[in-house]
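Commentary on secondary and tertiary structure
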Amino acid sequence: MKNINSMFRALLLSLFLIGVLSCQNLEPRRPINKQKQVFLEESAKRNKNIISIEQALFRQAIEQERGLTFESTSLGFWYAYQKSNPSSNGNYPKKGDRVTFRYRIEDLSGNLLYDEKELGNVSFFIDQEDLIPALREGVKYLRRGEIGVFLFPSYLCYGYQGDREKIGINQPLRFTIELLRLEKN
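Here's a quick rundown of the structure. (Residues numbered from 1 in each chain as written. Predicted model: local features only at pLDDT ≥ 70, side-chain atom pairs only at ≥ 80, totals over all residues. Heavy atoms only, no water.)

Some words on the packing of aromatic side chains
One pass over the structure, following the stated rule, counts 11 aromatic pairs. Plain terms: the ring middles of F77 and F150 are 6.1 Å apart, the flat faces sit at 55 degrees to each other, and that makes the pair tilted. Here the residue F77 occupies a position in the loop between β1 (71-72) and β2 (78-83), and F150 occupies one in strand β6 (residues 147-152), the gap between them amounting to 73 residues. What makes F77 buried here is its relative accessible area of 0%. Pairing F101 with F124 gives two aromatic rings, centres 6.0 Å apart and planes at 80 degrees, and the pair type is edge-to-face. Of the two residues, F101 sits in strand β3 (residues 98-106) while F124 sits in strand β5 (residues 122-125), which places them 23 residues apart along the sequence. Given a relative accessible area of 0%, F101 falls into the buried group. Three or more aromatic residues joined by ring pairs make a cluster, and in this case those are F77, Y79, Y81, F101, Y103, F124, Y141, F150, F152 and F175. (Phe/Tyr/Trp six-rings, centres within 6.5 Å; stacked < 30°, edge-to-face > 60°. Helix = DSSP H or I, 4+ residues; strand = E, 2+ residues; numbered from the N terminus. Buried < 20%, exposed > 50% of the residue type's maximum accessible area, 1.4 Å probe, protein only.)

Below you can see the structure in the form of structure tokens.
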């Protein structure tokens, strides 16, 4: 009987120790993925380099534009008014407004890629419909009847894929946008 009691006590002690030790919050070791970290760092360097090259190209294009005064934006694009409409009382499109516009796309040298007839008139609700970021943001700088010239970095246009037709990979573009109609929400 002593032998059975000592075995029973040893078993209970073992179960107690297993229970206590298993209650510890051991955190699993995370795998170290150096390849992913290196890839992300290299990608960031590449993107910063592309942005600085594009900004230098914008400065060259702006120097060649006679009669236009360009301003920069916090989003990294430049714009100038080819035709302004001060009589529209500062009514710029806001979220939910419906705008109709036409536009053309050129490279930074002024070579036509797509004209207004090819692209047609575009109508959409501000910040509520999907459209390339360049157009979504550009029309917000125009009042009805105004024409703006925009120099957009590639990341706001067609990015690293281009459009697989006329627009190349990481190609910054010159858009001319005319705001035809603005319907306030």
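Back to the write-up after that little detour.
Comments concerning the pairing of strand β7 (residues 173-183)
It is a general feature of regular strands that their side chains alternate between the two faces of the sheet. The buried fraction of β7 amounts to 8 of the 11 residues, a majority that puts the element mostly inside the structure. Pairing of β6 with β7 involves 6 bridges; the strand directions are antiparallel. In the strand pairing of β7, F150 is matched with F175. (Pairing = 2+ DSSP bridges.)

Digging into the environment of V139
Relative to the helices and strands, V139 is located in the loop between α4 (133-138) and β6. In sequence terms V139 and L179 are 40 residues apart; their C-alpha atoms lie 7.0 Å from each other. Not counting residues up to four positions away in its chain, the partners in contact with V139 are P93, V99, F101, F124, I126 and I177. (Contact = heavy atoms within 4.5 Å.)

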